[in-house]
Amino acid sequence: MTVETAIRTTQAAALAIVVVCSGAITARAAAEPNDAQAKARAQGLLSEGTAAYGRGDYAAALDKFTAAYKIFPSPKLWFNIGQANRDLGRPVEAVEAFDRFLRDAGDAPPETLGEARRSAAELKTKLGQIQVSCAVDGTEITVDGKQVGSTPLGETLWTTPGRHQVAAQHAGFAPAIEDVVVTTGKIAAVNIEVLPIDLRPANKTVAAVDGSIVGTSGGAAADQGAATKPPLYRRTWFWVAAGVVVAAGAAAAIIIASSGRGGGETSGVPATTLGAQRAF
(Lines give C-alpha, C1' and ligand atoms only; values in the text may rest on other atoms or scores of the structure.)
Protein backbone atom coordinates (compact mmCIF):
# COMPACT_ATOMS: atom_id res chain seq x y z
CA MET A 1 0.00 0.00 0.00
CA THR A 2 1.42 3.39 -1.00
CA VAL A 3 1.48 6.40 1.27
CA GLU A 4 -1.20 8.13 -0.78
CA THR A 5 -3.42 5.07 -0.60
CA ALA A 6 -2.93 4.92 3.18
CA ILE A 7 -3.86 8.59 3.52
CA ARG A 8 -6.98 8.13 1.43
CA THR A 9 -7.93 5.09 3.50
CA THR A 10 -7.48 7.04 6.75
CA GLN A 11 -9.50 9.95 5.44
CA ALA A 12 -12.23 7.62 4.29
CA ALA A 13 -12.34 6.02 7.72
CA ALA A 14 -12.56 9.43 9.34
CA LEU A 15 -15.40 10.40 7.05
CA ALA A 16 -17.18 7.16 7.90
CA ILE A 17 -16.95 7.98 11.57
CA VAL A 18 -18.39 11.40 10.87
CA VAL A 19 -21.43 9.74 9.34
CA VAL A 20 -21.81 7.58 12.44
CA CYS A 21 -21.45 10.51 14.80
CA SER A 22 -23.72 12.65 12.67
CA GLY A 23 -26.46 10.07 12.92
CA ALA A 24 -26.14 9.96 16.69
CA ILE A 25 -26.19 13.73 17.00
CA THR A 26 -29.20 14.08 14.71
CA ALA A 27 -31.16 11.39 16.55
CA ARG A 28 -30.56 12.91 19.94
CA ALA A 29 -31.28 16.40 18.67
CA ALA A 30 -34.66 15.22 17.46
CA ALA A 31 -35.33 13.70 20.86
CA GLU A 32 -34.46 17.00 22.55
CA PRO A 33 -35.95 19.75 20.36
CA ASN A 34 -35.28 22.46 22.96
CA ASP A 35 -31.56 21.86 22.53
CA ALA A 36 -31.60 21.51 18.76
CA GLN A 37 -29.45 24.58 18.13
CA ALA A 38 -26.63 23.24 20.32
CA LYS A 39 -26.78 19.89 18.55
CA ALA A 40 -26.69 21.60 15.17
CA ARG A 41 -23.59 23.53 16.25
CA ALA A 42 -21.92 20.30 17.37
CA GLN A 43 -22.71 18.77 13.99
CA GLY A 44 -21.13 21.72 12.23
CA LEU A 45 -17.98 21.49 14.38
CA LEU A 46 -17.72 17.79 13.64
CA SER A 47 -17.86 18.45 9.92
CA GLU A 48 -15.25 21.21 10.20
CA GLY A 49 -13.01 18.91 12.21
CA THR A 50 -13.29 16.14 9.64
CA ALA A 51 -12.35 18.54 6.84
CA ALA A 52 -9.32 19.72 8.83
CA TYR A 53 -8.29 16.12 9.50
CA GLY A 54 -8.52 15.32 5.81
CA ARG A 55 -6.14 18.22 5.09
CA GLY A 56 -3.69 16.90 7.65
CA ASP A 57 -4.34 19.77 10.07
CA TYR A 58 -4.66 17.51 13.09
CA ALA A 59 -4.41 20.31 15.66
CA ALA A 60 -7.39 22.15 14.17
CA ALA A 61 -9.27 18.87 13.87
CA LEU A 62 -8.69 18.11 17.54
CA ASP A 63 -9.95 21.54 18.54
CA LYS A 64 -13.14 21.05 16.52
CA PHE A 65 -13.76 17.51 17.81
CA THR A 66 -13.20 18.59 21.40
CA ALA A 67 -15.49 21.59 21.02
CA ALA A 68 -18.18 19.36 19.50
CA TYR A 69 -17.93 16.96 22.44
CA LYS A 70 -18.34 19.81 24.93
CA ILE A 71 -21.56 20.86 23.21
CA PHE A 72 -22.83 17.33 22.62
CA PRO A 73 -20.94 14.61 24.57
CA SER A 74 -21.45 11.68 22.22
CA PRO A 75 -19.06 8.83 23.17
CA LYS A 76 -18.46 8.14 19.47
CA LEU A 77 -16.55 11.41 19.24
CA TRP A 78 -13.79 9.85 21.34
CA PHE A 79 -12.69 7.91 18.27
CA ASN A 80 -12.12 11.15 16.35
CA ILE A 81 -10.37 12.69 19.34
CA GLY A 82 -8.17 9.60 19.62
CA GLN A 83 -7.21 9.73 15.94
CA ALA A 84 -6.25 13.40 16.12
CA ASN A 85 -4.17 12.92 19.28
CA ARG A 86 -2.43 9.89 17.76
CA ASP A 87 -1.44 11.78 14.64
CA LEU A 88 -0.28 14.74 16.74
CA GLY A 89 2.19 12.48 18.55
CA ARG A 90 0.27 12.46 21.84
CA PRO A 91 0.10 8.74 22.60
CA VAL A 92 -1.14 9.00 26.19
CA GLU A 93 -4.09 11.20 25.26
CA ALA A 94 -4.81 9.01 22.24
CA VAL A 95 -4.90 5.84 24.34
CA GLU A 96 -7.20 7.49 26.86
CA ALA A 97 -9.57 8.53 24.07
CA PHE A 98 -9.59 5.14 22.33
CA ASP A 99 -10.14 3.30 25.62
CA ARG A 100 -13.01 5.61 26.49
CA PHE A 101 -14.51 5.08 23.05
CA LEU A 102 -14.31 1.30 23.46
CA ARG A 103 -15.82 1.50 26.92
CA ASP A 104 -18.70 3.90 26.21
CA ALA A 105 -19.53 3.48 22.51
CA GLY A 106 -20.42 -0.19 22.35
CA ASP A 107 -23.03 0.45 19.64
CA ALA A 108 -20.43 1.81 17.19
CA PRO A 109 -19.84 -0.14 13.93
CA PRO A 110 -17.68 -3.26 14.39
CA GLU A 111 -15.01 -1.99 11.96
CA THR A 112 -14.65 1.21 13.95
CA LEU A 113 -14.37 -0.68 17.23
CA GLY A 114 -11.72 -2.90 15.65
CA GLU A 115 -9.73 0.10 14.43
CA ALA A 116 -9.83 1.65 17.90
CA ARG A 117 -8.57 -1.60 19.49
CA ARG A 118 -5.70 -1.87 17.00
CA SER A 119 -4.66 1.75 17.43
CA ALA A 120 -4.78 1.56 21.23
CA ALA A 121 -2.83 -1.71 21.31
CA GLU A 122 -0.10 -0.34 19.06
CA LEU A 123 0.29 2.83 21.12
CA LYS A 124 0.45 0.91 24.40
CA THR A 125 3.52 -1.04 23.23
CA LYS A 126 5.47 2.23 23.50
CA LEU A 127 4.16 3.30 26.90
CA GLY A 128 4.43 2.32 30.55
CA GLN A 129 2.00 2.50 33.45
CA ILE A 130 1.76 4.01 36.92
CA GLN A 131 -0.25 2.35 39.68
CA VAL A 132 -1.04 4.82 42.45
CA SER A 133 -2.26 3.74 45.89
CA CYS A 134 -3.11 5.86 48.93
CA ALA A 135 -4.59 4.85 52.28
CA VAL A 136 -6.82 7.93 52.39
CA ASP A 137 -9.79 7.69 50.02
CA GLY A 138 -10.77 10.86 48.19
CA THR A 139 -7.21 12.07 47.79
CA GLU A 140 -6.76 14.03 44.55
CA ILE A 141 -3.94 12.68 42.41
CA THR A 142 -2.03 14.54 39.71
CA VAL A 143 0.70 13.27 37.41
CA ASP A 144 3.06 15.94 36.11
CA GLY A 145 0.51 18.56 37.14
CA LYS A 146 -2.41 16.89 35.31
CA GLN A 147 -5.31 15.78 37.50
CA VAL A 148 -6.07 12.10 36.93
CA GLY A 149 -8.71 11.41 39.58
CA SER A 150 -9.25 10.68 43.26
CA THR A 151 -8.31 7.62 45.25
CA PRO A 152 -8.99 4.83 45.02
CA LEU A 153 -8.04 4.94 41.34
CA GLY A 154 -9.73 2.06 39.58
CA GLU A 155 -7.16 1.71 36.80
CA THR A 156 -3.47 2.08 36.17
CA LEU A 157 -2.39 5.22 34.34
CA TRP A 158 -0.71 5.07 30.94
CA THR A 159 2.25 7.37 30.51
CA THR A 160 5.43 7.85 28.52
CA PRO A 161 8.69 6.23 29.69
CA GLY A 162 10.90 8.33 31.94
CA ARG A 163 10.68 10.21 35.23
CA HIS A 164 7.32 11.54 36.37
CA GLN A 165 6.02 13.37 39.44
CA VAL A 166 2.98 12.11 41.32
CA ALA A 167 1.33 14.54 43.74
CA ALA A 168 -1.46 14.00 46.27
CA GLN A 169 -3.72 16.52 47.99
CA HIS A 170 -6.56 16.12 50.48
CA ALA A 171 -8.31 18.62 52.75
CA GLY A 172 -6.94 18.39 56.29
CA PHE A 173 -3.79 16.59 55.16
CA ALA A 174 -0.34 17.81 54.17
CA PRO A 175 0.30 17.50 50.39
CA ALA A 176 2.73 14.80 49.28
CA ILE A 177 4.91 14.35 46.19
CA GLU A 178 6.64 11.23 44.90
CA ASP A 179 8.94 10.82 41.90
CA VAL A 180 8.64 7.66 39.83
CA VAL A 181 10.57 6.26 36.88
CA VAL A 182 8.44 4.51 34.26
CA THR A 183 9.80 1.83 31.93
CA THR A 184 8.23 0.79 28.61
CA GLY A 185 5.90 -2.15 29.08
CA LYS A 186 6.20 -2.08 32.89
CA ILE A 187 3.98 -0.96 35.76
CA ALA A 188 5.57 1.40 38.30
CA ALA A 189 3.82 1.20 41.68
CA VAL A 190 3.61 4.34 43.81
CA ASN A 191 2.28 4.30 47.37
CA ILE A 192 1.82 7.95 48.29
CA GLU A 193 1.22 8.87 51.93
CA VAL A 194 -0.61 11.98 53.15
CA LEU A 195 -0.34 12.89 56.83
CA PRO A 196 -3.08 14.70 58.77
CA ILE A 197 -2.44 18.28 59.81
CA ASP A 198 -2.82 18.72 63.62
CA LEU A 199 -4.46 22.11 64.18
CA ARG A 200 -5.02 21.63 67.93
CA PRO A 201 -3.28 24.18 70.25
CA ALA A 202 -0.17 23.09 72.14
CA ASN A 203 -0.45 21.88 75.76
CA LYS A 204 -0.76 24.68 78.29
CA THR A 205 2.03 25.39 80.80
CA VAL A 206 2.01 27.30 84.08
CA ALA A 207 4.97 29.21 85.57
CA ALA A 208 5.41 30.09 89.26
CA VAL A 209 7.67 32.43 91.23
CA ASP A 210 8.00 32.20 95.04
CA GLY A 211 5.27 29.57 95.05
CA SER A 212 2.72 31.86 93.32
CA ILE A 213 1.38 31.42 89.77
CA VAL A 214 2.58 34.35 87.67
CA GLY A 215 1.98 33.29 84.07
CA THR A 216 0.31 30.67 81.90
CA SER A 217 -0.24 29.91 78.26
CA GLY A 218 -3.94 29.28 78.87
CA GLY A 219 -6.22 26.38 79.71
CA ALA A 220 -8.07 25.23 82.80
CA ALA A 221 -4.95 25.23 84.97
CA ALA A 222 -4.33 28.84 84.06
CA ASP A 223 -7.89 29.84 84.89
CA GLN A 224 -7.63 28.16 88.30
CA GLY A 225 -4.28 29.81 89.01
CA ALA A 226 -5.63 33.23 88.04
CA ALA A 227 -8.44 32.78 90.53
CA THR A 228 -6.12 31.87 93.46
CA LYS A 229 -3.05 34.10 93.04
CA PRO A 230 -2.81 37.16 95.39
CA PRO A 231 -2.88 40.77 94.13
CA LEU A 232 0.26 41.93 92.34
CA TYR A 233 1.35 44.47 94.93
CA ARG A 234 1.17 41.89 97.79
CA ARG A 235 3.78 39.58 96.29
CA THR A 236 7.45 39.77 97.34
CA TRP A 237 8.84 39.31 93.85
CA PHE A 238 6.94 42.41 92.66
CA TRP A 239 8.87 44.76 94.92
CA VAL A 240 12.16 43.00 94.21
CA ALA A 241 11.55 43.39 90.46
CA ALA A 242 10.55 47.03 90.93
CA GLY A 243 13.81 47.72 92.72
CA VAL A 244 15.76 46.10 89.93
CA VAL A 245 13.97 48.23 87.35
CA VAL A 246 14.67 51.44 89.27
CA ALA A 247 18.34 50.54 89.67
CA ALA A 248 18.61 49.65 86.01
CA GLY A 249 17.06 52.96 85.04
CA ALA A 250 19.53 54.91 87.11
CA ALA A 251 22.43 53.00 85.63
CA ALA A 252 21.14 53.65 82.12
CA ALA A 253 20.90 57.36 82.83
CA ILE A 254 24.50 57.42 84.00
CA ILE A 255 25.63 55.57 80.88
CA ILE A 256 23.75 57.91 78.57
CA ALA A 257 25.13 60.98 80.31
CA SER A 258 28.64 59.60 80.17
CA SER A 259 28.38 58.73 76.50
CA GLY A 260 27.11 62.23 75.74
CA ARG A 261 30.26 63.67 77.18
CA GLY A 262 32.54 61.30 75.31
CA GLY A 263 33.88 61.77 71.83
CA GLY A 264 32.41 58.56 70.39
CA GLU A 265 28.81 59.74 69.83
CA THR A 266 27.53 62.96 68.31
CA SER A 267 23.86 62.79 69.31
CA GLY A 268 24.06 61.65 72.92
CA VAL A 269 22.57 58.21 71.99
CA PRO A 270 24.64 55.11 72.85
CA ALA A 271 25.94 53.01 69.97
CA THR A 272 23.79 50.05 68.86
CA THR A 273 24.01 47.28 66.29
CA LEU A 274 20.26 47.05 65.87
CA GLY A 275 19.38 47.16 62.19
CA ALA A 276 22.92 46.42 61.11
CA GLN A 277 22.33 42.67 60.66
CA ARG A 278 22.99 41.33 57.18
CA ALA A 279 20.20 39.56 55.35
CA PHE A 280 22.62 36.97 53.98
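Residues numbered from 1 in each chain as written. Predicted model: local features only at pLDDT ≥ 70, side-chain atom pairs only at ≥ 80, totals over all residues. Heavy atoms only, no water.

**Observations concerning the packing of aromatic side chains**
Tallied over the entire structure, the rule returns four aromatic pairs. Put simply, the rings of F79, F98 and F101 touch in pairs and so form one group of aromatic residues. (Phe/Tyr/Trp six-rings, centres within 6.5 Å; stacked < 30°, edge-to-face > 60°.)

**Structural notes on the sheet that holds strand β1 (residues 128-133)**
Across the sheet, three strands lie side by side as β4-β1-β7; this open sheet has mixed pairing. Edge strands, defined here as strands with exactly one partner in the open sheet, are β4 (157-159) and β7 (187-191). Direction aside, the axes of adjacent strands within the sheet are offset by 30° on average. (Pairing = 2+ DSSP bridges. Helix = DSSP H or I, 4+ residues; strand = E, 2+ residues; numbered from the N terminus. Axes fitted to C-alpha atoms, helices over the stretch in contact; angles between N-to-C directions.)

**Some details on helix α2 (residues 36-54)**
Counted at 1.5 Å a residue, the expected span for α2 with its 19 residues is 27 Å, and the 27 Å between its end C-alpha atoms agrees. For α2, the complete set of buried residues consists of K39, A42, Q43, L45, L46, G49, T50, A52 and Y53. Just past α2, the residue G56 takes up positive phi, approximately 85°. (Expected span 1.5 Å × (residues − 1). Buried < 20%, exposed > 50% of the residue type's maximum accessible area, 1.4 Å probe, protein only.)

**Considerations on the nonpolar core**
Counting residues in each nonpolar core, the largest one holds 29 residues, and the members touching the most others are F65, W78, I81, F98 and F101. Those elements that provide at least two residues to this core are α2, α3 (58-71), α4 (77-87), α5 (91-104) and α6 (110-124). Here the element with the most residues in this core is α5; it accounts for six residues. Ignoring any residue separated from it by four or fewer positions in sequence, one finds I81 in contact with L62, F65, T66, Y69 and A97. Membership of the second largest hydrophobic core comes to 16 residues, among which are I130, V132, L157 and V166. (Core = buried A, V, L, I, M, F, W, Y, C linked by side-chain atoms within 4.5 Å. Contact = heavy atoms within 4.5 Å.)

**Quick look at the packing of α4 against α5**
Packed helices, taken two at a time, are described by their axes: the angle between them and the distance between them. The interhelical angle for the contact between α4 and α5, taken along N-to-C directions, is 160°, at an axis separation of 8 Å. On the basis of their axis angle, the class for α4 and α5 is roughly antiparallel. In the crossing of α4 with α5, the sense of the turn from one axis to the other is left-handed. When α4 is examined against α5, the residues W78, F79, I81, G82, Q83, N85 and R86 are found in contact with a partner set consisting of E93, A94, A97, F98, R100 and F101. Residue composition of the contact of α4 with α5, grouped by class: seven nonpolar, three polar and three charged. (Parallel < 35°, antiparallel > 145°, perpendicular 65-115°, else oblique. Left-handed = near helix turned anticlockwise from the far one by under 90°. Nonpolar A, V, L, I, M, F, W, Y, C, P; charged D, E, K, R; others polar.)

**Notes on α3**
For α3, which comprises 14 residues, the first-to-last C-alpha distance of 20 Å matches the rise-based estimate of 20 Å (1.5 Å per residue) to within 8%. Taken together, the buried positions of α3 are occupied by A61, L62, F65, A68 and Y69. Along the axis of α3, the buried residues cluster in a sector spanning 130°; they form a single face. Seen from the open side of α3, the exposed residues pointing more than 90 degrees away from its buried face are D63 and K70. Check the buried side of α3 and you find it contacts α2, α4 and α5. (Arc of directions from axis to C-beta.)

In short, geometric facts, not functional conclusions.
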